[in-house]
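For reference, the chains in residue letters:
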Amino acid sequence: LFGPMGAGYAIQMFEDGTTPELKKYPNIKLLHKYTSHSDIASDGMKNAEDALVRFSNINVFAARNDGLALGGVRAVQSAGKGDKIKVYGAGATLMGMQAVYDGQMRYTTIKSQAKMAARALEFVDLLTQKKPIANKMALIPPVVVTKENVTMEKDPMFGGTFTAPEAFKPKK
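Residues numbered from 1 in each chain as written. Predicted model: local features only at pLDDT ≥ 70, side-chain atom pairs only at ≥ 80, totals over all residues. Heavy atoms only, no water.

Chemist: Is there a simple way to think about the overall build of the protein chain in this case?
Modeler: On a plain count of helices and strands, the protein chain comes out with five helices and six strands. When the helices and strands of the protein chain are listed from N to C terminus, the series reads α-α-β-α-β-α-β-α-β-β-β. For the protein chain, the spread of C-alpha atoms along the three principal axes comes to 60 × 40 × 30 Å. Classification of the 172 residues of the protein chain by burial places 35% in the buried group. For the protein chain, the exposed area adds up to about 10,800 Å²; of that, 57% sits on carbon and sulfur atoms. (Helix = DSSP H or I, 4+ residues; strand = E, 2+ residues; numbered from the N terminus. Buried < 20%, exposed > 50% of the residue type's maximum accessible area, 1.4 Å probe, protein only. Areas by Shrake-Rupley, 256 points an atom, 1.4 Å probe, with all protein chains shown as cover.)

Below, the structure written as structure tokens:
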């Protein structure tokens, strides 16, 4: 469940990340890349419903973000296939984190703004000291959040501060 095609970073992530990774697994077949006008749950649900009708051999819905994934969750549950089809999201929205905690989504990812800011400040510090920057590209790997670690991963987006972040607090 890809979402809108206009986002350059999403296209790059798919073409430079997802596509090469899929080639490493010949037993995994991408049935279709669903695009839509937006990346909200209703579009994810509509596209997942279409896929469930078109394809009989779906094992996984991988979504570009939690909104699309949550739509996929609804479609899978409505089709009575919640125990057979896994749904993966990205972005660690509160609703996505709750869905992981509840076992509806297999995982989401935290793309920590705090870690990105810390890395940017390291660069600023080097620049103000007139020191060379060895590598001008600093990718911050996302943190995979699963049912096993959903209440343990800490980030300021869940509360707390930059230096003392809190963990996600699920609704019980």
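Moving on from the model shown.
Chemist: How should I be thinking about the layout of surface pockets in this particular structure?
Modeler: To find the voids left in a structure, one rolls a probe of water-molecule size over its atoms. Reported here for the second largest pocket is a volume of approximately 180 Å³. Together, Leu 94, Met 95, Gln 98, Ala 99, Asp 102, Gln 104, Met 157, Phe 158, Phe 168, Lys 169 and Lys 171 line the second largest pocket. Within the residue set of the lining of the second largest pocket, elements represented by two or more residues are α4 (94–101) and β5 (154–160). With four residues, the top contributor of residues to the lining of the second largest pocket is α4. For the lining of the second largest pocket, a count of residues per class yields six nonpolar, two polar and three charged. (1 Å grid on protein atoms, 1.4 Å probe; cavity = no way out; pocket = protein on both sides within 12 Å on 5 of 7 lines; lining within 4 Å. Points joined across faces, edges and corners; volume = space filled by probe spheres on them. Nonpolar A, V, L, I, M, F, W, Y, C, P; charged D, E, K, R; others polar.)

Chemist: Honestly, the packing of aromatic side chains in this entry has me stumped. Any pointers?
Modeler: The geometry of an aromatic ring pair is captured by the separation of the ring centres together with the interplanar angle, meaning the angle of the planes. Going through the model one piece at a time under the given rule, you end up with two aromatic pairs. Summarising the aromatic geometry, the rings of Phe 158 and Phe 168 are spaced 6.0 Å apart at their centres and angled 65 degrees between planes, so their arrangement reads as edge-to-face. With Phe 158 in strand β5 and Phe 168 in the segment after β6 (165–167), this residue pair connects regions lying ten residues apart in the sequence. Taking the ring centre of Phe 2 as reference, the NZ or CZ of Lys 33 above it sits at 4.8 Å. In this structure, Lys 147 is placed above the aromatic ring of Tyr 101, and the distance from its NZ or CZ to the ring centre is 5.3 Å. (Phe/Tyr/Trp six-rings, centres within 6.5 Å; stacked < 30°, edge-to-face > 60°. Lys NZ or Arg CZ within 6 Å of the ring centre and 35° of its normal.)

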